[in-house]
Amino acid sequence: RWLTCRSLPPGALESIADAIADRLRLPWFSGAVKIHVSLVPPLVLLPVFLHVAALHFLLGLIVLTSLPAVVLWYYYLTHRRKERTLFFLSLGLFSLGYMYYVFLQEVVPRGHVQRSQVAALTGGLILMLAALSRAKRDPGYLPTPAGSEEPSRQGLPHRSGRGSSGGLHAASGRAVNGEAKGYSRMSADEPEGVRKDWCTKCQLVRPARAGHCRLCGRCVRRLDHHCVWINSCVGEQNHRAFILALSFFMLTSVYGITLTLHTVCRGRTPFVALFYCPGAYSDYSSALSFTCVWYCAIVTAGMGYILLIQLLNISYNVTEREARLALRDNTGRRLLGGLVIDTGQYNRGFLCNWGHFLSMGSSPPLHSAEDIV
C-alpha cells in the first residue's frame, strides 16, 4: 500500500493473517504441529514486560498499569466479535509457570524460605492445575440430535397446546443471551416458572436453566457463563471444579505473595511491604521479584472479584446468565450494592442453595420421553 499508494482489496489483511496462522507450525516426529497464533503473545510479551518493569520504579508503574488495560481491550475485542481464543488460557497458565520459576530462581536461593513452605506452595499449584483440568472437561453439553451438525434456523415445531400430548403446549419465547427467537414448552405437572425451551440453533428441547453458548455453539445444562480463562463454558458438570480451581488459585497466590514479600522486604508486614518496600530496587533480583509480586497481586484481585461474585450467586442460586437476563428485563433485585442479582425464581435459602450446588451434576441427567422426541 505504501509503494503503490493504493488501498488493499477487501479481505487482504485477513487472508494474510490466515496464511501466517496456517503456516505457523512446530516440527515434530509425527509431522509438523500447528500452533495457534493466540498462544504465542503471552509466551513472548509477559517475560519482556516484567523484565522491563524491573529496571525502574516508573517503568514498573507504567507496565503494570498498561498491561491490565491491554488484556481488557483484547477481551472486549474478542467478545464483540464472538471469537474463541486461547490467549487468556495461555496467559494464565504461562503466568503460573513463570511466577513459580521466578520464585524458585530468585526468592528461594535467599535462604529465607523453608523447604516445607516450597512444598506447600507446589502442592497448592498442583491441586489448582488438577481442578483446572477437571473444569476444562464437558461442562454439561446437551446431546446434539443426529444429522443436525449445523442446525438450521428453520423447522421450528408449530404446535398448539390443544393437540399436544401429555398436557404440553408451545408458546413463543424471547431471545436470551443473543439467541434466536424460538418456542418454549411447559409441562402441565411442572412448577410455575420452570420452562423447557426449544433451541433453534441446536434443534433440541433444552431443560430449565440451560442456555446456548454463542462461542461454543452448543447448549449447556445450567449454563453460568463462558469463561475465557479456561476457554470453555461453566455449566452443571464443571461449575464445582471451576470454583475449586479459583479457590486453590487464591490460596496459592496469596501464600506465594506473602513468602516473597517476607523475603524481599524483611521486617514489614505483607500489606505494608506491598506499598512501601525501600530496598525492592536495590538489586535486579529483588526488583524482578517485587514486580512479579505486584503482577500477581493485580491478577489475584481480579480473580478474587470473580470468585466473590460466584460465591454470592451460588448463595442466592442464580447463574451469571440468569443475572444478565434479569438486568435486561428488569426482573431482578440488586443486593449487596449490586454485587448479586436475586431473581427469586430458584432461591430456597442459603443452606438449600449450597446443598443444591454441591449435589448438582453428581448423577447423569434423566431424559424424559419429551426430550428424546
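The text that follows walks through the structure, step by step, so that each part is easy to find. (Residues numbered from 1 in each chain as written. Predicted model: local features only at pLDDT ≥ 70, side-chain atom pairs only at ≥ 80, totals over all residues. Heavy atoms only, no water.)

Structural notes on the side chain of Ser 38
Working step 1: By the element assignment, Ser 38 lies in the loop between strand E2 (33-34) and helix H2 (40-53).
Working step 2: Looking at Ser 38, its side chain comes within polar contact range of the main-chain nitrogen of Leu 86, at 3.1 Å.
Working step 3: When neighbours within four sequence positions are excluded, Ser 38 is seen to be in contact with Tyr 74, Thr 85, Leu 86, Phe 87 and Ser 90. (Helix = DSSP H or I, 4+ residues; strand = E, 2+ residues; numbered from the N terminus. Polar contact = N/O pair within 3.5 Å; in protein donor to acceptor, adjacent residues only side chain to side chain. Contact = heavy atoms within 4.5 Å.)

So, the environment of Tyr 295
Working step 1: Along the polypeptide, Tyr 295 turns up in helix H8 (residues 284-315).
Working step 2: With 196 residues separating them in the primary sequence, Tyr 295 and Met 99 have C-alpha atoms 9.3 Å apart.
Working step 3: Filtering out sequence-adjacent residues up to four positions away, Tyr 295 remains in contact with Leu 46, Leu 50, Leu 64, Leu 67, Leu 91, Ser 95 and Met 99.
Working step 4: Among the polar contacts listed, one links the side chain of Tyr 295 to the side chain of Ser 95, at a separation of 2.8 Å.

Notes on a nonpolar patch on the surface
Working step 1: A cluster of nonpolar side chains, Leu 24, Val 37, Val 40, Leu 43, Val 44, Leu 45, Val 48, Phe 49, Val 52, Leu 55, Leu 59 and Tyr 284, forms an exposed patch at the surface whose accessible area comes to about 920 Å².
Working step 2: When residues in the nonpolar patch are grouped by element, the largest group, seven residues, is from H2.
Working step 3: Summarising the element assignment, Val 37 is placed in the loop between E2 and H2. (Patch = residues over 30% accessible without salt bridge, like charges linked within 9 Å, V, L, I, M, F, W, Y side chains within 5 Å. Areas by Shrake-Rupley, 256 points an atom, 1.4 Å probe, with all protein chains shown as cover. Salt bridge = Lys/Arg side-chain N within 4 Å of Asp/Glu carboxyl O.)

As for the state of the cysteines
Working step 1: Tallied over the full model, the rule gives one disulfide.
Working step 2: Disulfide pairing is shown between Cys 265 and Cys 277; the S-S distance is 1.7 Å. Handedness of the Cys 265-Cys 277 disulfide follows from its S-S torsion of about -105°: it is left-handed. With Cys 265 in the loop between helix H6 (239-264) and helix H7 (270-275) and Cys 277 in the loop between H7 and H8, this residue pair connects regions lying twelve residues apart in the sequence.
Working step 3: Judged by relative accessible area, which is 2%, Cys 265 ranks as buried.
Working step 4: Cys 233 carries a free sulfur, and the closest cysteine sulfur to it, the one in Cys 213, is 3.3 Å from it. (Disulfide = S-S within 2.5 Å. Buried < 20%, exposed > 50% of the residue type's maximum accessible area, 1.4 Å probe, protein only.)

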